[in-house]
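# Chain and residue survey
Listed below, chain by chain, are the residues.
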Amino acid sequence: MQSDLSGPEAIELELYFLAGLATASHFMEKFRVALLDRITITGITQHLGQPVHSELLFPYGDWSRTVIPQLWEIRSDMSLPPAKISNSIGGKRAIAAMATMRLAVDRRTTTLLIGHSGGGVAAIHAAYLLMKSESRSNCLVVMIGSPKCRIPQELRPSVLSISAAGTRKRANDAEGKSPDLVSRLGTHGGWMRTRHNEINNHSAFRNGFPAWHKHKHAPAAMRTVPIIGGHADYFRDSSSYVNSSGSSNLDITLDAILSWLIQWNQTSFR
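So, here is what we can say about the structure in this document.

Turning to the nonpolar core, a few remarks are in order. If you look at the biggest cluster of nonpolar residues, it comprises 35 residues, and the most contacted ones within it are Phe31, Leu35, Val142, Ile144, Ile162 and Leu261. Every element with two or more residues in this core is listed here: strand E1 (12-18), helix H1 (29-42), strand E3 (110-116), strand E4 (138-144), strand E5 (159-164), strand E8 (221-225) and helix H6 (249-268). Among the elements that line this core, the one with the most residues is H6, at nine residues. In contact with Phe31, not counting residues within four places along its chain, are Phe17, Ile114, Ile144, Phe235, Leu250, Thr253, Leu254 and Ile257. Core analysis: the next-biggest nonpolar cluster, separate from the first, contains 26 residues, Leu57, Ala126, Cys149 and Ile151 among them.

Set out below in structure tokens:
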């Protein structure tokens, strides 16, 4: 089911921040507060709704839980095809936690789920389950340093994936592989048939057989950010993580999210 973009504008915005593997309880807290402040300052709430609730969630447990079961659960969720998302471990836990925090939610509420690492997979699954239940008009997802997973077709336009940018040896070189190894795990791929005149580097249709398309289930928006460091460093703002222009990793990550939200507002409500 697609988001109801033709209906009444959202009246509320709720934000959930989903942590990944064995995460410290405070890891995303500064980021949560900073994003709320920036959303208010930039005035992009016209269609998203006014922020009314934000919460940190740990769909696979925090760092007090044994790591091995968390790894198994994240791996299991990563492999789920869209038709099996109802079996998501992290997605269902996130939905259950949200239900206990807000007992009554207007359907016109926009839900923004922001997941780091494995939390991005749980965020995708939770958003899709919310949409299928028709309990929200709009569900948006931001995956930060998250492994790839298969995103349902209906949800793809409402998903942004952020990963650390790879370095270039020279200015005109192609971007290298991301230093964030976690974001390189998993797959967005799937089998599909393509007409002969659509043959390209990603898919082909030869002799009546389908071919593998590596972007079949990818998010509509994918951005790399020039942060200092790697997987654990998207939300850093200490002096070691400030670039020559004076922007911290936290600033760079926030800018990527806010520019996408502004673009989503403009394209979805034209």
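Moving on to the packing of aromatic side chains. How two aromatic rings sit relative to each other is given by the distance of their centres and the angle of their planes. The final tally for this structure, using the stated rule, is four aromatic pairs. Here Phe27 and Phe235 contribute two aromatic rings whose centre-to-centre distance is 5.5 Å and whose plane-to-plane angle is 65°, an arrangement assigned as edge-to-face. Residue Phe27 is found in the loop between E1 and H1, and its partner Phe235 is found in the loop between E8 and H6; the two are separated by 208 residues along the sequence. We classify Phe27 as partly exposed; its relative accessible area is 22%. Each ring, one from Phe31 and one from Phe235, has its centre 4.4 Å from the other, and the planes form 25°; the classification is stacked. Of the two residues, Phe31 sits in helix H1 while Phe235 sits in the loop between E8 and H6, which places them 204 residues apart along the sequence. Across this residue pair, the class does not change: Phe31 and Phe235 are buried. Three or more aromatic residues link up through ring pairs in this structure, and these residues are Phe17, Phe27, Phe31 and Phe235. Here the basic side chain of Arg236 rests over the ring of Tyr241, its NZ or CZ set 5.9 Å away from the ring centre.

The rules behind the values
- Residues numbered from 1 in each chain as written.
- Predicted model: local features only at pLDDT ≥ 70, side-chain atom pairs only at ≥ 80, totals over all residues.
- Heavy atoms only, no water.
- Core = buried A, V, L, I, M, F, W, Y, C linked by side-chain atoms within 4.5 Å.
- Buried < 20%, exposed > 50% of the residue type's maximum accessible area, 1.4 Å probe, protein only.
- Helix = DSSP H or I, 4+ residues; strand = E, 2+ residues; numbered from the N terminus.
- Contact = heavy atoms within 4.5 Å.
- Phe/Tyr/Trp six-rings, centres within 6.5 Å; stacked < 30°, edge-to-face > 60°.
- Lys NZ or Arg CZ within 6 Å of the ring centre and 35° of its normal.

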